[in-house]
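# Notes for the structure review
Residues per chain are reported as follows:
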There are 2 protein chains.
Amino acid sequence: MQSPNTRPGRLGRPPRLSREAILVAAQRVLDEEGAEYLSMRRLARELSSTPMALYHHVRDKDELLMLLLDAYVRRIPRPDFPDHPRERVVAGAQALHDILEDCPWGVEVLASDRFVSTSATWIVESIVDALVLCGLSPGDAVYAYRVIWCCLVGELTARPFRARTTPSADERRRGLEAVIDGLLSQNTA
Amino acid sequence: MQSPNTRPGRLGRPPRLSREAILVAAQRVLDEEGAEYLSMRRLARELSSTPMALYHHVRDKDELLMLLLDAYVRRIPRPDFPDHPRERVVAGAQALHDILEDCPWGVEVLASDRFVSTSATWIVESIVDALVLCGLSPGDAVYAYRVIWCCLVGELTARPFRARTTPSADERRRGLEAVIDGLLSQNTA
DNA sequence: ACCTGAACACCGTTCAAGT
DNA sequence: ACCTGAACACCGTTCAAGT
């Protein structure tokens, strides 16, 4: 129950903030108000602190978002995927979609540069592995994964769309399967 | 050669700005500095005017972007597409991709709501029609178009990606064809 | 070491006034 | 009718100072 700000033998002022506390508060703002309201200034207010205090625990806003996404992904339970390779690709892509759907701000963070976290590698690797088991060469598998990833990003980014009806989960799955099957059958061509 | 600000019989102060002039200046900023520098304030400076003068000719920044994209699309020459339906789908998607690649800020405008311009309908319709000619039902064709559109948006949004090598035009085409063939063959399933 | 306050260089937009 | 200036309510970030 040793609180960090009472730890003895440390020089200087005891910290009032911590990376942990900042991330918790940021997640709260994200949940309660949405990503468009998460600013360094808003976050400082949430913590009854000043914007600049944050910069002592986090390099900049981009790093903060990266850390938030990282923590979010880490909280996700690792589902066990089906044995059949094709089903595994579909399930993996579906999982990736679901993760990002619950975390719309994350798409932007991932789509932009900088994010090099390894906390989501398992799912990427699981998809690529399954693609190889489906018969694709490693190079083709990576590329096929890339196409799948682009479709997911597009699906999540191009939200409203001209057809005002959001597609049902079933429709989405059919679309996803079509894309995956197309990528798989290109191998044999 | 009748300049609008000398047109007789009009009441009030002659206009110094016009929607046309604003769009031209905005396009110049876009070309020379990039979309991230196009602000109402920057644009007003470009026109030696004040930010608020712009709001007399344009409802807000979103409308400005919409008008810019509209003008951009209108300038594109209408290519003639191949006869074979499948090739037509591929060519249409390719064209859509190329248009947006030269116009990265447009992706965001299109991905967000509001844009209801009809200046790009011809290309969308051409793709949907070709999909129907390929044997898809009208409903399936619209949905297939949606999937293709999402892939394009994703491809353009998820720019850098973990594989640091940007795919070649050939690779991209292969990916696109795989997606399209997947969508087409789902029909017969 | 950790935090504060003021400042810099921006945003989009509203409101009241000027010609 | 068209434009201006000041103001509102924001941004992310740097810099110098305080304890």
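Everything numeric here is computed off the predicted structure, so don't read it as measured data.

Moving on, we get to the domain arrangement of chain A. Residue and element names in this part refer to chain A. Considered domain by domain, chain A is made up of domain 1 (19–73) and domain 2 (79–185). With 12 residues of domain 1 at the contact, the number on the domain 2 side is 13 residues. Of the roughly 1,200 Å² buried where domain 1 meets domain 2, counting both sides, 73% is carbon and sulfur surface. Joining domain 1 to domain 2, the criterion identifies zero salt bridges. The interface formed by domain 1 and domain 2 contains one residue pair in polar contact (both at pLDDT 80 or more). Per-element accounting of the side of domain 1 that touches domain 2 gives the leading share, eight residues, to helix 4 (residues 61–75).

In terms of nonpolar packing, the biggest core is built from 118 residues, with Leu43, Leu68 and Leu131 of chain A together with Leu43, Leu68 and Leu131 of chain B touching the most fellow members. Look past the residues within four positions of Leu68 of chain A in its chain and what remains in contact with it is Leu23, Ala26, Gln27, Leu30, Leu38 and Trp105 of chain A.

Around DNA strand C sit 22 residues, and of these Arg16 and His57 of chain A together with Arg41, Met52 and Tyr55 of chain B come closest. Considering the 4 Å shell around the protein, atoms of DNA strand C inside it are sugar or phosphate in 53% of instances. Note that a phosphate oxygen of DNA strand C is positioned 2.4 Å from one of the backbone N or O atoms of Arg16 of chain A. In this structure, a phosphate oxygen belonging to DNA strand C sits 3.0 Å away from a side-chain N or O atom of Lys61 of chain B. Sorting the residues of the surface near DNA strand C by element identifies helix 3 (51–54) of chain A together with helix 2 (40–46) and helix 3 (51–54) of chain B as the ones contributing at least two each. Grouping the constituent residues of the surface near DNA strand C by class yields nine nonpolar, six polar and seven charged.

Here we come to the protein's contact with DNA strand D. Around DNA strand D, a shell composed of 22 residues is seen, among which Arg41, Met52 and Tyr55 of chain A together with Arg16 and His57 of chain B lie nearest. The separation between a phosphate oxygen of DNA strand D and a polar main-chain atom of Arg16 of chain B is 2.4 Å. Within the contact set of DNA strand D, a phosphate oxygen lies 3.4 Å away from a side-chain nitrogen or oxygen of His57 of chain B. Put simply, the parts of the chain that give the surface near DNA strand D at least two residues each are helix 2 (40–46) and helix 3 of chain A together with helix 3 of chain B. In terms of residue class, the surface near DNA strand D is built from nine nonpolar, six polar and seven charged.

This part is about the environment of Val90 of chain A. Residues and elements named next belong to chain A. With respect to the helices, strands and loops of the structure, Val90 is situated in helix 5 (residues 85–101). The class for Val90 is buried, based on a relative accessible area of 0%. Taking the C-alpha atoms as reference points, Val90 and Ser18, 72 residues apart in sequence, are found 40 Å from one another. Ignoring sequence-local partners within four residues, the contact set of Val90 consists of Arg173, Leu176, Glu177 and Ile180.

Moving on, we get to the relation of the copies chain B and chain A. It takes a turn of 180° to lay chain B on chain A, together with a shift of 0.0 Å along the axis; the resulting RMSD is 0.0 Å. The transformation just described matches what one would write down for a two-fold rotation axis. When the interface residues of chain B are mapped onto chain A, 100% of them again lie at the interface, so the same face is used by both copies.

The next thing to look at is helix 1 (residues 19–33) of chain B. All names here are of chain B. The terminal C-alpha atoms of helix 1 lie 21 Å apart, and with 15 residues this matches the ideal 21 Å at 1.5 Å per residue to within 8%. The set of residues buried in helix 1 consists of Ile22, Leu23, Ala25, Ala26, Gln27, Val29 and Leu30. Buried-residue contacts for helix 1 involve helix 2, helix 3, helix 4 (61–75) and helix 6 (104–111). Taken from the residues just after helix 1, Gly34 is the one with a positive phi, measuring 100°.

Moving on to the packing of helix 5 of chain A against helix 8 (residues 138–157) of chain A. All names here are of chain A. At a minimum axis distance of 10 Å, the contact between helix 5 and helix 8 shows a crossing angle of 35°. Helix-helix and strand crossings are classified by hand; for helix 5 and helix 8 the assignment is right-handed. Counting all contacts with helix 5, which are made through Val89, Ala93, Leu96, His97, Leu100 and Glu101, the residues of helix 8 involved are Tyr145, Ile148, Trp149, Leu152, Glu155 and Leu156. Split by residue class, the contact of helix 5 with helix 8 holds nine nonpolar, one polar and two charged.

Below, the discussion takes up the UniProt feature "DNA-binding region" (unreviewed entry) in chain A. Listed under "DNA-binding region" (unreviewed entry) in the UniProt record, and renumbered for this structure, are residues 39–58 of chain A. Along residues 39–58 of chain A one finds 55% helix and 0% strand; the C-alpha atoms at either end are 13 Å apart.

Bringing helix 6 of chain B into the picture now. Of the residues making up helix 6 of chain B, those classed as buried are Trp105, Gly106, Val107, Val109 and Ala111 of chain B. Turning to helix 6 of chain B, the residues buried within the fold contact helix 8 of chain A together with helix 1, helix 4, helix 5 (85–101) and helix 8 (138–157) of chain B.

Bringing the UniProt feature "domain: HTH tetR-type" (unreviewed entry) in chain A into the picture now. In the numbering adopted here, UniProt assigns the feature "domain: HTH tetR-type" (unreviewed entry) to residues 16–76 of chain A. Here residues 16–76 of chain A is 67% helix and 0% strand, with 29 Å between the C-alpha atoms at its ends.

A separate point is the confidence of the model for chain A. With 86% of its residues at a pLDDT of 70 or more, chain A has an overall mean of 88. Taking the mean pLDDT of every element in chain A, the minimum, 85, falls on helix 6 (residues 104–111) of chain A and the maximum, 98, on helix 2 of chain A.

We now examine the packing of helix 1 of chain B against helix 4 of chain B. Residues and elements named next belong to chain B. Running from amino to carboxyl end, helix 1 crosses helix 4 at an angle of 80°, the nearest separation of the two axes being 10 Å. Relative to helix 4, the element helix 1 lies roughly perpendicular. Residues Arg19, Ile22, Leu23, Ala26, Gln27 and Leu30 of helix 1 form the contact with helix 4, whose own contacting residues are Glu63, Leu64, Leu67, Leu68 and Arg75. Looking at the contact of helix 1 with helix 4 residue by residue, the classes come out as seven nonpolar, one polar and three charged.

Parameters at a glance
- Residues numbered from 1 in each chain as written.
- Chains lettered and ligands numbered in written order.
- Predicted model: local features only at pLDDT ≥ 70, side-chain atom pairs only at ≥ 80, totals over all residues.
- Heavy atoms only, no water.
- Domains from an automatic or database assignment.
- Contact = heavy atoms within 4.5 Å.
- Buried area = accessible area lost by both parts, 1.4 Å probe.
- Salt bridge = Lys/Arg side-chain N within 4 Å of Asp/Glu carboxyl O.
- Polar contact = N/O pair within 3.5 Å; in protein donor to acceptor, adjacent residues only side chain to side chain.
- Helix = DSSP H or I, 4+ residues; strand = E, 2+ residues; numbered from the N terminus.
- Core = buried A, V, L, I, M, F, W, Y, C linked by side-chain atoms within 4.5 Å.
- Buried < 20%, exposed > 50% of the residue type's maximum accessible area, 1.4 Å probe, protein only.
- Near = heavy atom within 4 Å.
- Nonpolar A, V, L, I, M, F, W, Y, C, P; charged D, E, K, R; others polar.
- Least-squares fit on C-alpha atoms with pLDDT ≥ 70 in both.
- Expected span 1.5 Å × (residues − 1).
- Axes fitted to C-alpha atoms, helices over the stretch in contact; angles between N-to-C directions.
- Left-handed = near helix turned anticlockwise from the far one by under 90°.
- UniProt positions renumbered as here; feature names shortened; annotations may be inferred.
- pLDDT = per-residue confidence, 0-100.
- Parallel < 35°, antiparallel > 145°, perpendicular 65-115°, else oblique.

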